[in-house]
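Examining the three-dimensional arrangement
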Amino acid sequence: MTSAAAPAKASPGRAVLRTETRLFLREPGSLFWIIGFPVLLLAILGAIPGFREPDPANGGQRIIEFYVPTAVVLAMIMAGLQAMPPVITGYRERGILRRMSVTPVRPQAVLGAQMGLHGVASLVSALLVIVVGRLVFDVALPGQPAGYVLALLLAIVCALALGAFISAVAPTTKIATAIGSIVFFPSMFTAGVWLPIQAMPDLLADIVSFTPFGAAVQALDQAAAGDWPSWSHLGVAALWAALLSLGAVRWFRWE
């Protein structure tokens, strides 16, 4: 009588994903900044009475409506620039990636798990921002869902590619954190956190539209209004995603 077959072992990639997920969920700080902070920022801005009133200078739109796409992209900026690079460079600095390179678990599995987890967290945050905007501030749901999803995915890829690029060029966790902080504030500006892109002078808005997050926010805003996002905005976001991804692959070091 043959013995029952032993249960199949989980693949190394799945084991890494489970481990990284447990570690990720044990970091309440990262979860707050990626998922909680954008929602909190939207709530604070929505509490300003003038932001909830139609503005004739903006075609009758309310300022809070401009901040929903900004808050959506802010979660991705947090994930790509503040949360992910210190984790990956920390693994390199402690020799974890080097040791993994000689085992069946390849270092790419760690990178894939990190990018996947931060991408999912960004999507959760985006959904919460859209729901809070709709239920609390009566912001209409995206009128062009397909275009909105496309712009959203491009924005996530841009943010994670930028985080991977920082992880590639930063030799230590401290340097990765410093670079992320330096890039973080200009990214927030181009995403419209300090001033909605629609309220910027024309020349400044045109310049911002050539940045990855400026293009992403404008594409999301167009899709939210019911229009298909401008191919120029989608193209700028896609180009940045491709260039940053190529740079990350070119200069990434395992040790």
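What counts and what doesn't
- By convention here, each chain's residues receive numbers from 1 onward along its written sequence.
- Reporting in this predicted model follows two pLDDT cut-offs: at least 70 for local features of residues, and 80 or more for side-chain atom pairs to be given and counted; totals over whole chains, interfaces and linings ignore these cut-offs and use all residues.
- Side-chain descriptors were evaluated using all non-hydrogen atoms of the structure, hydrogens and water having been removed beforehand.
- UniProt positions are given in the numbering used here, feature names are shortened, and annotations may be inferred rather than shown by experiment.
- In this description a helix means any DSSP run of H or I spanning at least four residues, a strand means any run of E spanning at least two, and both kinds are numbered starting from the N terminus.
- Here a helix's expected span is defined as the number of its residues, less one, multiplied by 1.5 Å.
- The angle separating two fitted axes, one through the seven residues that finish at a residue and one through the seven that start at it, defines the bend at that residue.
- Burial status follows relative accessibility: with a 1.4 Å probe on protein chains alone, a residue under 20% of its type maximum counts as buried, one over 50% as exposed, and anything between as partly exposed.
- The contact definition used throughout considers only heavy atoms, calling two residues in contact when any of these lie within 4.5 Å.
- As used in this structure description, the phrase polar contact means that two N or O atoms lie within 3.5 Å; if the pair is within protein, one of them must be able to donate a hydrogen and the other to accept it, and residues adjacent in sequence are counted only when both atoms belong to side chains.
- Any two of the Phe, Tyr and Trp rings considered here, Trp counted by its six-membered ring, make a pair once their centres fall within 6.5 Å; the pair's planes then place it as stacked at under 30 degrees, edge-to-face at over 60, or tilted in between.
- Distance and angle both matter: a charge sits over a ring if NZ of Lys or CZ of Arg is within 6 Å of the ring centre and within 35 degrees of the ring normal.
- An axis is simply a line fitted to the C-alpha atoms; with a helix, the fit covers only the stretch in contact. Between two such axes, the angle follows the N-to-C directions and lies from 0 to 180 degrees.
- When describing relative orientation, an angle under 35 degrees is termed roughly parallel and one over 145 degrees roughly antiparallel, while 65 to 115 degrees is termed roughly perpendicular and anything else oblique.
- Basically, the charged four are Asp, Glu, Lys and Arg, the nonpolar ten are Ala, Val, Leu, Ile, Met, Phe, Trp, Tyr, Cys and Pro, and anything else, Gly included, counts as polar.

Identification of the protein as Transport permease protein from Streptomyces albidoflavus is taken from an unreviewed UniProt entry. Recorded in UniProt under Sequence similarities (unreviewed entry), the annotation for the protein is "Belongs to the ABC-2 integral membrane protein family."

Some thoughts on unusual backbone geometry
The phi torsion at aspartate 138 lies on the positive side, around 55°, for a residue other than glycine. Inspection of the secondary structure assignment puts aspartate 138 in the loop between helix H5 (107–137) and helix H6 (145–169).

Quick word on helix H7 (residues 173–190)
The terminal C-alpha atoms of H7, which comprises 18 residues, lie 25 Å apart, in line with the 26 Å expected from a rise of 1.5 Å per residue. Of all the bends in H7, the greatest reaches close to 25° and is centred on phenylalanine 184; the proline proline 186 follows between one and four positions later. Among the residues making up H7, those that are buried are Ala176, Gly180, Phe184, Ser187, Met188 and Thr190. Those residues of H7 hidden inside the fold are in contact with helix H3 (63–93), H6, helix H8 (202–208) and helix H9 (212–224). In the segment just after H7, glycine 192 is the residue with positive phi, at about 90°.

Notes on the environment of tyrosine 91
Along the polypeptide, tyrosine 91 turns up in helix H3. Look at tyrosine 91 and you get buried, because its relative accessible area is 9%. Along the sequence, tyrosine 91 and alanine 71 sit 20 residues apart, while their C-alpha atoms lie 30 Å from each other. Within polar-contact distance, the side chain of tyrosine 91 engages the side chain of glutamate 20 at 2.9 Å.

With respect to the packing of aromatic side chains
Under the criterion given, the structure shown has six aromatic pairs. When the centroid spacing of 5.1 Å and the interplanar angle of 70° are considered together, the rings of phenylalanine 32 and tryptophan 33 count as edge-to-face. Residue phenylalanine 32 is classed as partly exposed on the basis of its relative accessible area of 36%. Residue class for tryptophan 33 comes out partly exposed when judged on its relative accessible area of 42%. Pairing tryptophan 228 with tryptophan 231 gives two aromatic rings, centres 5.8 Å apart and planes at 45°, and the pair type is tilted. Relative accessible area serves as the criterion here: at 62%, tryptophan 231 is assigned to the exposed category. Put simply, the rings of Phe32, Trp33 and Phe37 touch in pairs and so form one group of aromatic residues. In this structure, arginine 92 is placed above the aromatic ring of phenylalanine 252, and the distance from its NZ or CZ to the ring centre is 5.0 Å.

Re the packing of H3 against H7
Viewed as axis vectors pointing N to C, H3 and H7 meet at an angle of 170°, and their least axial separation amounts to 9 Å. In terms of their interaxial angle, H3 and H7 are classed as roughly antiparallel. Residue-level inspection shows Leu74, Ile77, Met78, Leu81, Gln82, Pro85, Pro86, Thr89, Gly90 and Glu93 of H3 in contact with H7, the latter providing Thr173, Ala176, Thr177, Gly180, Ser181, Val183, Phe184, Ser187 and Met188. Residues that form the contact of H3 with H7 fall into these classes: 10 nonpolar, eight polar and one charged.

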